[in-house]
Amino acid sequence: DWSSAVCSSDRSTEAARAALLAAADRASVLHATARTVDYLESAADLVEDLAVRMAIRERAADEAAQGTDIARADTLAREVLAWHREHGDRLGIARGSARLAWVLLYQGRPQDARAELTAGLEVAGADSDEPDVIRLSVDLARATMMSGEPTGVLEMIDRVLPRAERLDLRPLIADLLVTRA
């Protein structure tokens, strides 16, 4: 009967997605980032819910960047960021802008990274105490320093450091202290 065939197909698709995500987890532990990204992209392709699909693609972008597949990281980061912008997801835009800026910095493009981070902060709200937004401010300080224009970096750090400390965001605090030095 038709309904049991649809249910069986849905269960098979869900099982395949779960298996691909599990395989991605295992590949990530082994630092096989290219394989991890392949599994994640395949899993994302099996998801109908676009929010879930984009969450999986976000992870794929992060994995690609960690594995230095910068072209793939760039493509995925831009795709996910565009989706968050289209849907007005303020925190998704913050995460996506930070991710894309990291890729741009890796490509040696600190000015472009600054522009992306600034645009992300405008949407996300520069004074927000959300960790994803604080990350944008931290990354903007670093990108500004890396662009050879250190003017104002100390002021940026002095504005964001108390917020990061209040939330005990230790990795971000460490990034700020390194940038300050």
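Structure shown above.
The rules we used
Residues numbered from 1 in each chain as written. Predicted model: local features only at pLDDT ≥ 70, side-chain atom pairs only at ≥ 80, totals over all residues. Heavy atoms only, no water. Helix = DSSP H or I, 4+ residues; strand = E, 2+ residues; numbered from the N terminus. Buried < 20%, exposed > 50% of the residue type's maximum accessible area, 1.4 Å probe, protein only. Contact = heavy atoms within 4.5 Å. Arc of directions from axis to C-beta. 1 Å grid on protein atoms, 1.4 Å probe; cavity = no way out; pocket = protein on both sides within 12 Å on 5 of 7 lines; lining within 4 Å. Points joined across faces, edges and corners; volume = space filled by probe spheres on them. Nonpolar A, V, L, I, M, F, W, Y, C, P; charged D, E, K, R; others polar. Phe/Tyr/Trp six-rings, centres within 6.5 Å; stacked < 30°, edge-to-face > 60°.

Inspection of the secondary structure assignment puts Arg-53 in helix 3 (residues 50–66). Residue Arg-53 is classed as partly exposed on the basis of its relative accessible area of 21%. The residues contacting Arg-53, other than those within four sequence positions of it, are Ala-44, Asp-45, Val-47 and Glu-48.

Attention now moves to helix 9 (residues 170–180). Where helix 9 is concerned, the buried positions are Leu-172, Ile-173, Asp-175, Leu-176 and Thr-179. Projected down its long axis, helix 9 shows its buried positions confined to an angular sector of 160°, all on one face. Away from the buried face of helix 9 by more than 90 degrees, exposed residues Arg-170, Pro-171 and Val-178 are located. Buried-residue contacts for helix 9 involve helix 7 (131–146) and helix 8 (153–166).

This part is about the layout of surface pockets. Here the largest pocket is characterised by a volume of approximately 420 Å³. What lines the largest pocket is a set of 16 residues, among which Ala-98, Arg-99, Trp-102, Arg-135 and Asp-139 lie closest to the centre. At the level of secondary structure, the elements contributing two or more residues to the lining of the largest pocket comprise helix 3, helix 5 (90–106) and helix 7. A total of seven residues in the lining of the largest pocket trace back to one element, the largest contributor, which is helix 5. Across the lining of the largest pocket, the residue classes break down as eight nonpolar, one polar and seven charged. Estimates place the volume of the second largest pocket at around 170 Å³. In this structure, the second largest pocket is lined by Leu-121, Ala-126, Asp-127, Ser-137, Leu-140, Met-156, Arg-159, Val-160 and Arg-163. Among the secondary structure elements, those contributing two or more residues to the lining of the second largest pocket are helix 7 and helix 8. In terms of residues, the lining of the second largest pocket owes the most to one element, helix 8, which gives four residues. The class makeup of the residues in the lining of the second largest pocket is five nonpolar, one polar and three charged.

For any pair of aromatic rings, geometry is given as the distance between the ring centres together with the angle between the planes. In this structure the tally under the stated criterion is one aromatic pair. On the basis of an interplanar angle of 20° and a centroid distance of 5.4 Å, the ring pair of Trp-102 and Tyr-106 is categorised as stacked. With Trp-102 and Tyr-106 both in helix 5 and four residues apart, the pair spans about one turn of that helix. According to the relative accessible area criterion, Tyr-106 is partly exposed, its value standing at 45%.

To continue, consider the side chain of Ser-137. Assignment of secondary structure puts Ser-137 in helix 7. The buried category is assigned to Ser-137, whose relative accessible area is 11%.

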